[in-house]
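Residues per chain are reported as follows:
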Amino acid sequence: MIEFEDVTKRYPDGTVAVDNLSLRIPSGQITVFVGPSGCGKTTSLRMINRTIERTGGRISIDGEDINTKDAVTLRRGIGYVIQHAGLFPHKTVVDNVATVPKLLGWDKRKTRATAMELLERVGLDLKLAERYPAQLSGGQQQRVGVARALAADPAVMLMDEPFSAVDPIVRNQLQEELLRLQRDIGKTIVFVTHDIDEAIKLGDNVAVLRTGGKLAQFAPPAELLANPVDDFVESFIGKDRGYRALTFVTADDLRLSDVPAELTVAEDGTPVGWLNGSDQLEPVGATFHRGDSLRAAMDAVLTSPVGKGVCVDDSGKAVGVVGYETLAERLRS
Ligand SMILES: Nc1ncnc2c1ncn2[C@@H]1O[C@H](COP(=O)(O)OP(=O)(O)OP(=O)(O)O)[C@@H](O)[C@H]1O
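Residues numbered from 1 in each chain as written. Predicted model: local features only at pLDDT ≥ 70, side-chain atom pairs only at ≥ 80, totals over all residues.

**Quick word on the site of the ligand**
Close contacts around the ligand come from 13 residues, with Tyr11, Ala17, Ser37, Thr42 and Thr43 the closest. Per-class residue counts for the shell around the ligand are 3 nonpolar, 8 polar and 2 charged. (Near = placed C-beta within 6 Å. Nonpolar A, V, L, I, M, F, W, Y, C, P; charged D, E, K, R; others polar.)

**Things to note about the sheet that holds strand S12 (residues 271–275)**
Strand pairing in a sheet takes place through backbone hydrogen bonds and is either antiparallel or parallel in direction. Taken together, the 3 strands give an open sheet; going across it, the order is S11-S12-S13, and neighbouring strands pair in antiparallel fashion. The open sheet has two edge strands, strand S11 (263–265) and strand S13 (281–282), and neither has a second partner. Taken together, the 3 bridges between S11 and S12 define a ladder with antiparallel strand orientation. Of the residues in S12, the one forming a bridge with Thr264 is Gly273. (Pairing = 2+ DSSP bridges. Helix = DSSP H or I, 4+ residues; strand = E, 2+ residues; numbered from the N terminus.)

**Quick look at the nonpolar core**
Most often, soluble globular proteins keep nonpolar side chains buried together rather than apart. Counting 82 residues, the largest nonpolar core has Val32, Val97, Leu119, Ala147, Leu158 and Ala297 as the members making the most contacts within it. Among the domains, domain 1 (2–238) and domain 2 (263–332) are the pair contributing at least three residues each to this core. (Core = buried A, V, L, I, M, F, W, Y, C linked by C-beta atoms within 7 Å. Buried ≥ 20, exposed ≤ 12 C-beta atoms within 10 Å, placed from the backbone. Domains from an automatic or database assignment.)

**Notes on the environment of Arg148**
Following the sequence through the fold, Arg148 ends up in helix H6 (residues 138–150). By C-beta crowding, Arg148 is classed as buried, having 29 other C-beta atoms within 10 Å. Sequence separation of Arg148 and Cys39 is 109 residues, and the distance between their C-alpha atoms is 28 Å. Non-local contacts of Arg148, meaning those with residues more than four positions away in its chain, are made with Asn96, Val97 and Thr99. (Contact = placed C-beta atoms within 7 Å.)

**What about the pairing of strand S7 (residues 156–160)?**
Where burial is concerned, most of S7 is hidden: 4 out of the 5 residues are buried. In terms of strand pairing, strand S6 (residues 78–82) meets S7 through 5 bridges, oriented parallel. If you follow Gly79 over to S7, its bridge partner there is Met157. When S7 meets strand S8 (residues 188–193), the two strands line up parallel, connected through 5 bridges. The partner of Leu158 across the bridge, within S8, is Val190. Handedness of the S7-helix H7 (residues 168–185)-S8 crossover: right-handed. (Right-handed = clockwise from strand over helix to strand, strands pointing away.)

**A look at helix H1 (residues 41–48)**
Among the 8 residues in H1, 6 count as buried, and that is most of the element. Within the sequence span of H1, burial applies to Lys41, Thr43, Ser44, Leu45, Met47 and Ile48. One or two steps after H1, the chain reaches Arg50, where phi turns positive at roughly 60°.

**Quick word on the domain arrangement of the protein**
For the protein, the domain assignment lists domain 1 (2–238) and domain 2 (263–332). Each of domain 1 and domain 2 has a C-alpha centre, and the two are 38 Å apart.

**With respect to unusual backbone geometry**
Residues other than glycine seldom take positive phi values, yet Asp153 does so here, at roughly 55°. One can find Asp153 in the loop between H6 and S7. Backbone geometry places Asp279, a non-glycine residue, at a positive phi of 60°. Here Asp279 shows up in the loop between S12 and S13. Looking at Asp279, the number of C-beta atoms within 10 Å reads 6, which means it is exposed.

**Focus on H6**
With 13 residues, H6 should reach 18 Å at 1.5 Å per residue; the first-to-last C-alpha distance of 19 Å fits that figure. When you tally the buried positions in H6, you get 12 out of 13 residues, the bulk of the element. Along H6, the positions that sit buried rather than exposed are Gly139, Gln140, Gln141, Gln142, Arg143, Val144, Gly145, Val146, Ala147, Arg148, Ala149 and Leu150. The inward-facing, buried residues of H6 contact S6, helix H3 (93–97), helix H4 (99–103), helix H5 (108–121), S7 and H7. (Expected span 1.5 Å × (residues − 1).)

**Focus on the sheet that holds S7**
Spatially, S6-S7-S8-S3-S9-S10 is the arrangement adopted by the 6 strands of the open sheet, whose pairing is mixed. Unpaired on one side and paired on the other, S6 and strand S10 (214–219) mark the two borders of the sheet. Strand after strand, the sheet turns through a mean of 15° between neighbouring axes, direction not considered. With respect to the sheet, H6 is in contact with S6 and S7, its orientation differing from that of S6 by roughly 165°. (Axes fitted to C-alpha atoms, helices over the stretch in contact; angles between N-to-C directions.)

**Some points on the pairing of S6**
Counting buried positions along S6 gives 5 out of 5 residues, so the element sits mostly inside the fold. The two faces of S6 match: Ile78, Tyr80 and Ile82 on one face and Gly79 and Val81 on the other face are all buried.

Here you go:
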């Protein structure tokens, strides 16, 4: 656990970037700092690896005050990923990832093997390993940045707007990959973003900061959407919070009806289309799985030409359908 106790940062010019911040960041989870520009997110993050020194209060990792450690040793145990990846331009991709293991004096073979394994884990084509950063796309560079931060297997990883500079599609892919990776590695990740949707998607917990570095609310995303503590948090979360909260409700217990005859399925049971009155096939629309959210089920209903969302199993086979009435019944419960 990383604990902030009454942490303050006053810059030499008198700016108070962070004001009496107290919160507990649980181990093995993703905690997101979110808030408007200039609210102190980056300052808060960088005080954890002491690239910015706090001016008041205490920060501890697993009970140990970070100031009792030498700053360089502390930083080697904490991965750090920033916007634009911050890769060394004169080093190849694999050498970038190997930076910290080399500093730690690992032997060459082990270092290279680890670097290649990490590149694979973050989803980078290994053919790119000998390229230089400038020869990669922004999204590929970010993957290398994540691999580099993970190289020495740190327990803590700090990520400062890591996906902000890439286009929305790549950004979405990188977010999905981070969630997938985190299911395997279970690091303590502190993630900074100004984008509330990114915070809600990635965070196990979200700390909403207001200007002046004050904590407005610290809660899991579902709670934040359901119960914003004040007008500031509510307006920061934005519109559609009721609808977005459905992301956190599972469709597990949704009552399904049998697959009707009008839904044409292939030999393997996968849905092909809805047969309309003129004997023509209309597209199925979005489908959903049992374990998906109610939001996904609702999307399936809304995109279906006949108002029936198709539920499929892991092999893609249609296992049932759900209509407006059942969905509404579930939403009311
Ligand atoms: N070196 C500095 N000297 C003085 N003030 C600073 C310094 N660095 C940051 N600040 C101020 O501290 C406040 C918080 O800055 P910080 O970068 O932590 O915010 P942020 O929430 O990460 O912002 P953004 O989303 O725009 O990156 C801002 O008012 C900023 O101008």
